[in-house]
Amino acid sequence: MDGFNVEDALNLYGVDLWGAGYFGASEEGRLEVLPTKNDGRRIEILKVVEELRKSRIGTPLLLRFPQILESQVQALTGAFQKAIVEFQYQQGYYPVFPIKVNQRRTVVEGLLEAGYKQNLGIEVGSKPELMGALALSVPAEALTVCNGFKDRDYLITASMGVRMGRKVVVVIEKPFELDGVLELAQAGETLPWIGFRVKLNAKGSGLWEKSGGGASKFGLSTSQLLDSIEILRQKNLLGQLKLFHFHIGSQVTEIRKIKEAIKEGARVYAKARKMGVPIEYLNVGGGLGIDYDGSKTSSDASVNYTMEEYANDVVYNIADVCENEHVPHPKIVSESGRALVAYHAMLVVDVRGHINGDAERKNKLTGHEPRVIEDLLYIRKNISVKNYREFFHDAIERRDEMYSLFNLGMLELEDRSKGEWLYWEIARQAVKYSKTAKFQADEFNELQDRLFEKYICNFSVFQSIPDHWALDQLFPVVPIHRLNEKPTKLATLVDITCDSDGEVEKFVDLKDIKGALEVHELQANEPYYLAFLLIGAYQETMGDLHNLFGAVNEAHVIVDDGGKMIVQNAKKGETVRKTLEAYGYEPDKLVKSIKTTLQEQVTQNKMDNATASKLAEEYKRRFEAYPYLGS
Ligand code: PLP
């Protein structure tokens, strides 16, 4: 057609850069997932969407690819095993999955099954997370690490875990938590192992930088650490102290920061070991990041290192410090969450229409326009590369004058429409000319953003990608079809909540952050689907019910050995009933109240009985609807 092909589309959206080998496209221009990476098995997303539609499971639709979870577990544990061999490290690697990153039972079970041979355990941060974790099957050597603030109930639950045969470590985040453990000991309860979270001087980098460093919310300062060790020694409980932990934040963008933290943490371990503290495990926390924009830089949406480099640096630096201090190597624990689950989930949304700036209507001119409109016409005709700045400023003045005249009753709606239309035409020209300048002035950059179309997408930013709203975190977005066709529009994406924050206006780009996404022109009666990718970490539980849009439809998709795609575990999203119930509405009571109102109408002869009961029935039926836009 226009020489644009699938390769061009993959380059345009940066798929090969951020996709880690999990995504591609068919010759027909459809987005594909390669959950097992290199063995050629592929899943065409449009096919999945169409198949689910037949079972009345439409978009917005969260698709999970459990085989990606397996691949990521193998990649992480494989990287550590390789590093352990390479650096002749004397101990093993004991990963734990921080369940808060994605608590969905099927996700956690899938991960634990995939990592069973590698002793994958669980990290929890609250009582419910611990309760869930204790019932999940893990190998005998796997750890259950208890972080977060703890009361007696939490500690007793941890103690129950030990009695059930689990290796439970209670990590003391603050000195007062130690009192709880001592009380447990005094009461003769089975004691879990104890860990200390160490407050490092080292900090992470990126959006979650403040989780690390001296001012962080968690961890023991050096004097608190020494005091706590002394308390355990005095109480004859030092033998229970098995683990040191630190965490400098999620999505650490710079490998240098990770190395600094590892060196410092390893030194704390080594010095404590020399004081006779029998630490066996060094837990380096989370932080292993994802290259969301594919730039391989230290930008917030990227990381300037690979998983292999991370594993090498962790293992090498711990070994180096231990050799330097002549202490045994500790068992290495990491709490990598994002790296394990981010790739496994995508959200497919349908585009419902577009909002086209303010200049859609081509107004008919009469030839006898009010002066202010004549002026705008003159500017439109004469704006050029030489005068665009001055002429655009004139256009702003005329536009404001036009509104004042309208408000004084001196212009008609037709005139106002012409004024707006001309202003936006001039703005478009000004932006075009501003691009010829060596440096595009900020005002024209901002103007350009206002000129993008808005594609209305059937989803809620607050429910499905809350980190984009809260932290400006970027997620790649790609059409799931028409990738062999040149996208001719630039658009931002608005959701269907009644909130102006429900908009995606920042997109991943190799060199920069894009203010709009390349999209295809919408075609009448043809659905247009976009996928938000790499959303498997943190988004689900952080998502909220803004406007009462709840959890979306979802399904798992795998590809079998013969390359056949299998869609399973399809689950409908939360209904209107569910989201209303979450805020204290009881559908039965609502129906009752509606019936009372209708009965009053009947009594007042405003409605007959049959209509009233039909209306009540209809109302009742709607509780089972999907809150998002239906077909
Ligand atoms: N461990 C702790 C204590 C955390 O607070 C977090 C998240 O911030 C993690 C692990 C998981 O980090 P990530 O998802 O970056 O691996």
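Here the residue index of a chain counts from 1 through its sequence in written order. Local features are withheld for residues below a pLDDT of 70 in this predicted model, meaning they are given only at 70 or higher, and side-chain atom pairs are given and counted only at 80 or more; totals for whole chains, interfaces and linings count all residues. Note that the side-chain values use all heavy atoms of the structure and ignore hydrogens as well as water.

(A) View of the sheet that holds strand β2 (residues 31-33). Read across the sheet, 3 strands follow the order β1-β2-β3 without closing on themselves; strand pairing throughout is antiparallel. Single-partner strands in this sheet number two, and they are β1 (23-25) and β3 (43-44). In terms of strand pairing, β2 meets β3 through 2 bridges, oriented antiparallel. By the bridge assignment, V33 is partnered in β3 with I43. In this analysis, strands are considered paired if DSSP registers two or more bridges between them. Runs of H or I in DSSP of at least four residues are treated as helices and runs of E of at least two as strands, each being numbered from the N terminus.

(B) Seen up close, the pattern of salt bridges. We count a salt bridge whenever a side-chain nitrogen from Lys or Arg sits within 4 Å of a carboxyl oxygen from Asp or Glu. Counted by the stated rule, this structure contains 41 salt bridges. Taking the shortest distance from any N to any O, the salt bridge between K150 and E177 comes out at 3.1 Å. Within this pair, whereas K150 is found in the loop between β7 (143-146) and α7 (152-163), its partner E177 is found in helix α8 (residues 175-186), the two being separated by 27 residues in sequence. As far as the burial class goes, K150 and E177 line up, both buried. Beyond isolated ion pairs, a larger network of salt bridges with shared partners links R371, D375, E397, R398 and E401. Summary of the burial criterion: residues with accessible area below 20% of their type's maximum are buried, those above 50% are exposed, and those between are partly exposed, where the area comes from a 1.4 Å probe applied to protein chains only.

(C) Representation of the nonpolar core in the model. In these notes, a set of buried Ala, Val, Leu, Ile, Met, Phe, Trp, Tyr and Cys residues joined through side-chain atoms within 4.5 Å is what counts as a nonpolar core. Residues I45, L63, F196, F244 and M346 are the most contacted members of the largest nonpolar core, which totals 156 residues. Counting residues per element, this core draws most heavily on helix α11 (residues 307-325), at 9 residues. Dropping the residues within four chain positions of it, F196 is found in contact with V171, I172, L178, L220, L225, S228, I229, L232, L241, L243, F244 and H245. Among the nonpolar cores identified, the runner-up in size contains 25 residues, and V372, I383, V431 and F444 belong to it. Any two residues whose heavy atoms approach within 4.5 Å at even a single point are treated as in contact.

(D) Region of the structure containing the sheet that holds strand β5 (residues 96-98). With parallel pairing, the 8 strands of this open sheet are ordered in space as β5-β6-β7-β8-β9-β10-β11-β12. Of all the strands in the sheet, the pair left with one neighbour each is β5 and β12 (331-333). On average, each strand axis in the sheet is tilted by 25° relative to the strand beside it, whichever way the strands run. Pairing of strand β9 (residues 193-197) with strand β10 (residues 241-245), which is carried by 4 bridges, proceeds in the parallel orientation. What sits directly across from G195, in β10, is L243. Strand contacts of α7: β6 (121-124), β7 and β8 (167-172), with the helix running at about 155° to β8, the strand carrying the most contacts. To get an axis, a line is fitted to the C-alpha atoms, and for a helix only the part in contact is used. The angle between two axes follows their N-to-C directions and goes from 0 to 180 degrees.

(E) Representation of the site of the ligand in the model. Near, as used in this document, describes a residue that has one of its heavy atoms within 4 Å of the molecule or strand being considered. Not every one of the 17 residues close to the ligand is listed here, only the nearest: K100, S250, E335, G337 and Y538. Measuring from an oxygen atom of the ligand, one finds a side-chain N or O atom of H247 at 3.0 Å. What qualifies as a polar contact is a pair of N or O atoms within 3.5 Å, subject to a donor-acceptor requirement within protein and to the restriction that residues adjacent in sequence count only when both atoms come from side chains. Contact distances for the ligand include 2.7 Å between an oxygen atom and a backbone N or O atom of G337. For accessible areas, the Shrake-Rupley method is used with a probe of radius 1.4 Å. Any residue's cover is judged against the shown protein chains and nothing else. A total of 400 Å² of accessible area belongs to the ligand in isolation, and the protein chains cover 92% of it. Under the convention adopted here, Pro, Cys and the residues Ala, Val, Leu, Ile, Met, Phe, Trp and Tyr are nonpolar, Asp, Glu, Lys and Arg are charged, and Gly plus all remaining residues are polar. A class-by-class count of the residues in the shell around the ligand yields 3 nonpolar, 9 polar and 5 charged.

(F) Here's a closer look at empty space enclosed by the protein. Only protein atoms enter the calculation, which uses a 1 Å grid: trapped sets of points that fit a 1.4 Å probe without letting it out are cavities, open sets showing protein on both sides within 12 Å along at least five of seven lines are pockets, and any residue with an atom within 4 Å of a point is a lining residue. Grid points are joined across faces, edges and corners, and a volume is the space filled by probe spheres set on the points. Scanning the model with the defined rule gives 3 cavities of 30 Å³ or more in all. One number sums up the size of the second largest cavity: a volume of about 50 Å³. Every residue along the wall of the second largest cavity is listed here: F246, I248, V252, I258, A261, I262, V284, G286, G287 and Y310. A breakdown of the residues in the lining of the second largest cavity according to their chemical character gives 8 nonpolar, 2 polar and no charged.

In short, the description is geometric, and any link to function would need to be established separately.
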